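Observations on the three-dimensional arrangement
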Amino acid sequence: MTQLQQLITIGMVILGTVLTRFLPFLLFPAGKPTPRYIQYLGNVLPSAVFGLLVIYCLKNVNLFTGSHGIPELLATALVVILHRWKRQMLLSIAGGTLCYMVLVQFIL
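Residues numbered from 1 in each chain as written. Predicted model: local features only at pLDDT ≥ 70, side-chain atom pairs only at ≥ 80, totals over all residues. Heavy atoms only, no water.

This next bit is on the overall build of the protein chain. The number of helices and strands found in the protein chain is four helices and zero strands. Moving toward the C terminus, one meets the helices and strands of the protein chain in the order α-α-α-α. On C-alpha atoms alone, the protein chain measures out to a radius of gyration of 21 Å, which is more than a quarter above the 13 Å that the 2.2 N^0.38 rule sets for 108 residues. By its C-alpha atoms, the protein chain is 50 × 45 × 20 Å across when sized along the principal axes. For the protein chain, the proportion of its 108 residues judged to be buried stands at 11%. The long-range share in the protein chain, meaning contacts at least 24 apart out of those at least 6 apart in sequence, stands at 40%. (Helix = DSSP H or I, 4+ residues; strand = E, 2+ residues; numbered from the N terminus. Rg over C-alpha atoms; globule rule 2.2 N^0.38 Å. Buried < 20%, exposed > 50% of the residue type's maximum accessible area, 1.4 Å probe, protein only. Contact = heavy atoms within 4.5 Å.)

Spelled out as structure tokens, the structure:
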């Protein structure tokens, strides 16, 4: 990359960051009510992202080879238990990831 290309790249990254930080405040000012569609998205997107994460993590599990999906099953069960117990998405994801990594690296 030339120096000009590096400067343009840095400028684009800065512009993208600034836009994503300030655009919501410009589109939805404090004095106006938030549109119902945006409120709806705020309610459903966290669960949708979590569901997408589950599908992505389990898409290549083969029950007929290797560890037969046991680490994935145990880690998924731990995620469900942690989420039902504490209702903290970050704790659920981190706990399941840690459990899976320990199972894959040291046990199974």
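Along the chain, E72 turns up in helix α3 (residues 70-86). Summary of buried charges: E72 has no salt-bridge partner, and the nearest side chain of opposite charge, K59, is 13 Å away. (Lys, Arg positive; Asp, Glu negative; His and termini not counted. Salt bridge = Lys/Arg side-chain N within 4 Å of Asp/Glu carboxyl O.)

To continue, consider unusual backbone geometry. Of note, H68 is a non-glycine position whose phi angle comes to about 60°, a positive value. Topologically, H68 is positioned in the loop between α2 (36-58) and α3. Phi angles above zero are rare outside glycine, and R87 is one such case at about 55°. Secondary-structure assignment places R87 in the loop between α3 and α4 (89-107).

Here we take up α3. For α3, built from 17 residues, the straight-helix expectation of 24 Å at 1.5 Å per residue is met to within 8% by its first-to-last C-alpha distance of 24 Å. Those residues of α3 lying buried are P71, E72, A75, V79 and L82. Buried residues along α3 cover an arc of 95° about the axis, so they all sit on one side. Away from the buried face of α3 by more than 90 degrees, exposed residues L73, I81, R84 and W85 are located. Residues of α3 that are buried sit in contact with α2 and α4. With its phi angle positive at about 55°, R87 sits one or two positions after the end of α3. (Expected span 1.5 Å × (residues − 1). Arc of directions from axis to C-beta.)

Once that is clear, we can look at the packing of aromatic side chains. Here a ring pair, both rings aromatic, is described through the centre-centre distance and the interplanar angle of the planes. By the definition in use, this model includes zero aromatic pairs. For the cation-ring pair, K86 lies above W85, with the distance from its terminal atom to the ring centre recorded as 4.6 Å. (Phe/Tyr/Trp six-rings, centres within 6.5 Å; stacked < 30°, edge-to-face > 60°. Lys NZ or Arg CZ within 6 Å of the ring centre and 35° of its normal.)

Take the side chain of S92 next. Secondary-structure assignment places S92 in helix α4. Within the structure, S92 has its side chain in polar contact with the backbone oxygen of Q88 (distance 3.0 Å). For S92, the contacting residues outside a window of four places in its chain are V79, L82 and H83. (Polar contact = N/O pair within 3.5 Å; in protein donor to acceptor, adjacent residues only side chain to side chain.)

For the pair α3 and α4, the least separation of the axes is 8 Å and the interaxial angle reads 155°. By the angle between their directions, the pair α3 and α4 is classed as roughly antiparallel. Taken as a pair, α3 and α4 cross one another with a handedness that is right-handed. Packed against α3, whose contacting residues are P71, E72, L74, A75, L78, V79, L82, H83 and K86, the element α4 presents M89, L91, S92, G95, G96, C99, Y100, L103 and V104 at the interface. The class makeup of the residues in the contact of α3 with α4 is twelve nonpolar, four polar and two charged. (Axes fitted to C-alpha atoms, helices over the stretch in contact; angles between N-to-C directions. Parallel < 35°, antiparallel > 145°, perpendicular 65-115°, else oblique. Left-handed = near helix turned anticlockwise from the far one by under 90°. Nonpolar A, V, L, I, M, F, W, Y, C, P; charged D, E, K, R; others polar.)

In short, geometric facts, not functional conclusions.
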